[in-house]
Amino acid sequence: MTPEQRILASWHDNAVPWTRLIQRQGIASRRISDPAIEQAILALQPGRVLDVGCGEGWLCRHLASQGIHTTGIDAIQSLVDSARRQHPEGDYRCLSFDELEESLTESFDLAVCNFSLFGEQSVEQLLADLQTRLTPSGTLLVQTLHPLMACEGNYRNGWRETRWPGSGDDFGDAPPWYFRTLGNWLSLFQRQGYRVRVEEPLDPQQELPVSVIFHAFPEHR
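Residues numbered from 1 in each chain as written. Predicted model: local features only at pLDDT ≥ 70, side-chain atom pairs only at ≥ 80, totals over all residues. Heavy atoms only, no water.

A.B. asks: Explain the packing of helix α6 (residues 121–131) against helix α8 (residues 182–191) here, please?
C.D. replies: In helix packing, the relevant descriptors are the interaxial angle and the interaxial distance, both defined with respect to the helix axes. Orientation of α6 relative to α8, taken along the N-to-C sense of each, is 45°, at an axis distance of 9 Å. Judged by the inter-axis angle, α6 sits oblique to α8. Between α6 and α8 lies a crossing of right-handed hand. In this structure, α6 contributes Val123, Glu124 and Leu127 to the contact, and α8 contributes Trp185, Leu188, Phe189 and Arg191. When its residues are assigned to classes, the contact of α6 with α8 shows five nonpolar, no polar and two charged. (Axes fitted to C-alpha atoms, helices over the stretch in contact; angles between N-to-C directions. Helix = DSSP H or I, 4+ residues; strand = E, 2+ residues; numbered from the N terminus. Parallel < 35°, antiparallel > 145°, perpendicular 65-115°, else oblique. Left-handed = near helix turned anticlockwise from the far one by under 90°. Contact = heavy atoms within 4.5 Å. Nonpolar A, V, L, I, M, F, W, Y, C, P; charged D, E, K, R; others polar.)

A.B. asks: Any chance you could explain the layout of surface pockets here in plain terms?
C.D. replies: Any empty space left between atoms is shown by rolling a water-sized probe over those atoms. Its volume calculated, the largest pocket comes out at about 1100 Å³. The leading source of residues in the lining of the largest pocket is helix α2 (residues 30–44), at three residues. Residues belonging to the lining of the largest pocket are distributed by class as follows: 20 nonpolar, seven polar and six charged. Roughly 600 Å³ of volume is contained in the second largest pocket. Gly53, Asp74, Phe97, Ser116 and Phe118 are, among the 28 residues lining the second largest pocket, the residues nearest its centre. Sorting the residues of the lining of the second largest pocket by element identifies α1 (3–23) and α3 (58–64) as the ones contributing at least two each. (1 Å grid on protein atoms, 1.4 Å probe; cavity = no way out; pocket = protein on both sides within 12 Å on 5 of 7 lines; lining within 4 Å. Points joined across faces, edges and corners; volume = space filled by probe spheres on them.)

Pasting the structure below:
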């Protein structure tokens, strides 16, 4: 399998332990990164949000509690099923990145990719496709691991093997990940026609960034 295919296969095989991990709040850094992405979204006061790679739907549920209509999409059916069980009135759809352009007809004030971008070519195509789904004043938010914190001493672009966070949840093989330097991320957004502002949520104890949030605005605005 190609690395892109391995990503989907791994998430398919590990959807259940991942859902358990999220439900018990087993990733310490997300106690900082989760509120950070929520605050970034709420500050923009969107009416309609597209959550790309919504997983088991935690962000959609939080936004719905604030009166924001959110459509969650994910390529893994069991994660979408879990989201629907926890939020029956929500709007969840099983769609892969390459199905997005043809299968979504709505426009959104904001699209968010929260720790859901792992690939190389698939991510490049997604960023291009999302522009067609944003309203004229729409914004794209992408939160991912901060490259300086996640590089493990190898600050070069390329595919990496990863590990699942936590333990004791019966995880199988972890998906590969295409590591991008901060400069590579910025160049990627620029190539796809976005202007970008960078936000770096900090761990208040270590005073180091736990993630990076890219606020991306289509250049045509």
